[in-house]
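The residues making up each chain are set out below.
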Amino acid sequence: MREPNLRVRRTLRVPAVLLGTALLATSLAATATSAQEPSVPAEPAPAPAATVCNEHCDGRDTAEAAEDRLAVSAELHGRTVELRFDDSSAMGWAAVSDSSPGDQVWLDRSFDGGASWADDSRIGDTTTPDGADAAVSPMFNVDHWGERGVGALRACLQATGQPEITCTDWARSTWNAGEPATAAATALMMLYDPDNGLFENHWWVSANAVTAIIDNIRVTGMPSYAYVVETTYEEQIDGAEGQFRNEYLDDTGWWALAWIGAYDLTGEERYLETARAGADHMDDHWTDLCGGGVQWMVDNPYKNAVTNELYIQLNAALHNRLPGDTVHLERAERGWAWLANSGMINEDNLVNDGLDAGNGCVNNGQTTWTYNQGVILGALAELSAATGDEGLLETARTLADASTTAPGLHQDGVLTEPCEPDCGADGPSFKGPYTRGLGALDEALPDRPYTDYLQSQANAAMADARTSLDMYDLSWRGLADSFGVGQQHAALDLLNAAR
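Residues numbered from 1 in each chain as written. Predicted model: local features only at pLDDT ≥ 70, side-chain atom pairs only at ≥ 80, totals over all residues. Heavy atoms only, no water.

Some thoughts on the pairing of strand E6 (residues 104–110)
Phase 1: With respect to burial, E6 is a largely interior element, six of its seven residues being buried.
Phase 2: As paired strands, E6 and strand E7 (residues 123–127) are joined by three bridges and run antiparallel to one another. If you follow Leu107 over to E7, its bridge partner there is Ile123.
Phase 3: Bridge count for E6 against strand E10 (residues 152–158) is seven bridges, and the pairing is antiparallel. When the bridges of E10 are listed, Leu107 appears paired with Ala155. (Buried < 20%, exposed > 50% of the residue type's maximum accessible area, 1.4 Å probe, protein only. Helix = DSSP H or I, 4+ residues; strand = E, 2+ residues; numbered from the N terminus. Pairing = 2+ DSSP bridges.)

Pasting the structure below:
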């Protein structure tokens, strides 16, 4: 990757499609309004809301609720509007107190994390009756299970005779969200389009998001989103150059590793064959420039760190899953021998972006992105498992000790991408592969030296960067106000690793 442009040109442009009762949006909108900043449903509005039936159908009486949990609330003209949930049925309702007759309260429901919601979205529209000072709407489903719509609700209020509307933050039941890791996975799934198999239409970031979902199934045992594997595979297998290959060799590596994870999860050979096709595609672009290494793009000879780190990890992983293999092991060992002596690892044991071929193939001194520090850790852990060489783990430990304490990668002890708070389309994803790789190394080392570090990062993110919908900010200190698929899978990778 070359500074200053983070590869925004690589975001796929795929037409938005209907998901459940809402239009998929390509960015995460603000999730809250207040009495000071009133809002109304966006114009033009999407399609009308439809009745959803899961365990129960929309419109159920709140008297039937087995549980009553207050999620979020908002104030307007002395009234309090609340969003409440029966988590046992994954249904929610709106309630208003200190109300006046004629006040109106209702729910909005979104299937894309609050980016859009249906016209006539005032589901459960309820008016405070004469002589009363409170009102409660019927209950409505959060999700649409039959359509794989992962949803969210908010409660809204309009006081009688007043033009303002206020709404609570978006929130959801604890269904498929009973702990931080599953809640983050569920929030990530709000950004998934089952009609094209991608998250927010972003190609390589979707590979990382699929990997994060697979890892979440592994560490939490919650299989609810396992359908992502087959759906993404079948929707995109013929895309780009086929078999999840394209002109960016690092993109190919990300996808191939996702299919390694899919194979581990399902045992289906087709995923392993696609990973092998990706590895072959990368190997076809190993060149003699700078003494070896895989180039960044099919038509760009730049030798960079992440492409070659992925090449090592992928080939080592294939060797570990293919009985009798020698080809992939030879590739992985050759890749590490070249990278270790390439000069990309600097005197601080941090990995810079790549080599300057026009100046003797020296380290180009570009940014030490977090993912360059993390992928190599996972790669060396995989290669050590392939070879039995524990010295590779000690080398990885040296690199991990450097990156977990590097001042340039932390602020107030919290992992911080050098591009924060504005990391374009690609940069928000980077901390995910970092914590994923660090977690893999931590699992491979008997003393688990990075468990406390990972937990401290998770604690910071949960405390300061998490919304009421379990969406996570780019900044794990909560300073960027930037949300989306890269930010969300990065947080999920962290929570998976820290669990």
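A look at the layout of surface pockets
Phase 1: One number sums up the size of the largest pocket: a volume of about 870 Å³.
Phase 2: If you trace the largest pocket, you find 38 residues lining it, with Asp215, Arg218, Gln313, Glu382 and Ala440 closest to the centre.
Phase 3: Counting residues per element, the lining of the largest pocket draws most heavily on helix H10 (residues 431–444), at eight residues.
Phase 4: Its residues assigned to classes, the lining of the largest pocket shows 18 nonpolar, ten polar and ten charged. (1 Å grid on protein atoms, 1.4 Å probe; cavity = no way out; pocket = protein on both sides within 12 Å on 5 of 7 lines; lining within 4 Å. Points joined across faces, edges and corners; volume = space filled by probe spheres on them. Nonpolar A, V, L, I, M, F, W, Y, C, P; charged D, E, K, R; others polar.)

Notes on the pattern of salt bridges
Phase 1: For the structure shown, the criterion picks out 28 salt bridges.
Phase 2: Notably, a salt bridge pairs Arg60 with Glu64, separated by 3.9 Å at the nearest N-O pair.
Phase 3: Across the salt bridge formed by Asp283 and Arg331, the nearest N and O atoms sit 3.6 Å from each other. You can see Asp283 sitting in helix H5 (residues 269–283) and its partner Arg331 sitting in helix H7 (residues 327–340), a full 48 residues away along the chain.
Phase 4: In this structure Arg331 comes out as buried when scored by relative accessible area, which is 10%.
Phase 5: Several salt bridges converge on common partners, so that one network encompasses Glu230, Glu234, Glu268 and Arg270. (Salt bridge = Lys/Arg side-chain N within 4 Å of Asp/Glu carboxyl O.)

Some thoughts on the packing of aromatic side chains
Phase 1: The final tally for this structure, using the stated rule, is 22 aromatic pairs.
Phase 2: When the centroid spacing of 5.1 Å and the interplanar angle of 25° are considered together, the rings of Trp145 and Trp175 count as stacked. Placement of the pair is Trp145 in the loop between strand E9 (140–141) and E10 and Trp175 in the loop between strand E11 (166–167) and helix H1 (180–189), with a sequence separation of 30 residues.
Phase 3: By relative accessible area, which is 33% here, Trp145 ends up partly exposed.
Phase 4: Aromatic side chains Trp259 and Tyr271 sit 5.5 Å apart centroid to centroid with 10° between the ring planes, which places their arrangement in the stacked category. Of this pair, Trp259 sits in helix H4 (residues 249–266) while Tyr271 is found in helix H5, placing the two residues twelve residues apart along the sequence.
Phase 5: On the accessibility criterion, Tyr271 (1% relative accessible area) is buried.
Phase 6: An aromatic cluster is built from Trp203, Tyr233, Phe244, Trp255, Trp259 and Tyr271, whose rings are joined through pairwise contacts.
Phase 7: Its end group placed over the ring of Trp117, Arg154 keeps NZ or CZ at 4.3 Å from the ring centre. (Phe/Tyr/Trp six-rings, centres within 6.5 Å; stacked < 30°, edge-to-face > 60°. Lys NZ or Arg CZ within 6 Å of the ring centre and 35° of its normal.)

A few points about unusual backbone geometry
Negative phi is the rule for most residues except glycine; trans is the rule for most peptide bonds.
Phase 1: The peptide bond linking Glu420 to Pro421 adopts the cis configuration, its omega dihedral lying at 10°.
Phase 2: Looking at where Pro421 falls in the secondary structure, it is placed in the loop between strand E17 (414–415) and H10.
Phase 3: Backbone geometry places Gln243, a non-glycine residue, at a positive phi of 55°.
Phase 4: For Gln243, the location among the structural elements is in the loop between helix H3 (227–236) and H4.
Phase 5: According to the relative accessible area criterion, Gln243 is partly exposed, its value standing at 26%.
Phase 6: In this structure, Cys290 is a non-glycine residue whose phi angle is positive, near 60°.
Phase 7: Within the secondary structure, Cys290 is located in the loop between H5 and helix H6 (305–321).

Looking at the packing of helix H8 (residues 370–387) against H10
The packing of two helices is summarised by the inter-axis angle and the distance between the axes.
Phase 1: Where H8 contacts H10, the two axes come as close as 7 Å, and the packing angle between them is 30°. In terms of orientation, H8 and H10 fall into the roughly parallel class. At the point where H8 passes H10, the crossing takes the left-handed sense. Of H10, the residues touching H8 (which contributes Thr370, Tyr371, Gln373, Gly374, Val375, Leu377, Gly378 and Ala381) are Lys431, Pro433, Tyr434, Gly437, Leu438, Ala440, Leu441 and Ala444. (Axes fitted to C-alpha atoms, helices over the stretch in contact; angles between N-to-C directions. Parallel < 35°, antiparallel > 145°, perpendicular 65-115°, else oblique. Left-handed = near helix turned anticlockwise from the far one by under 90°. Contact = heavy atoms within 4.5 Å.)

Comments concerning a negative patch on the surface
Phase 1: A cluster of acidic side chains, namely Glu330, Glu333, Asp389 and Glu390, defines a negative patch on the protein surface.
Phase 2: Relative to the helices and strands, Glu330 resides in helix H7.
Phase 3: Here Glu330 falls in the partly exposed class, since its relative accessible area comes to 41%. (Patch = residues over 30% accessible without salt bridge, like charges linked within 9 Å, V, L, I, M, F, W, Y side chains within 5 Å. Areas by Shrake-Rupley, 256 points an atom, 1.4 Å probe, with all protein chains shown as cover. Lys, Arg positive; Asp, Glu negative; His and termini not counted. Charge placed at Lys NZ, Arg CZ, Asp CG, Glu CD.)

A look at the sheet that holds E7
Phase 1: Spatially, E7-E6-E10-E11 is the arrangement adopted by the four strands of the open sheet, whose pairing is antiparallel. Two strands lie at the open edges of the sheet, namely E7 and E11, each paired on one side alone.

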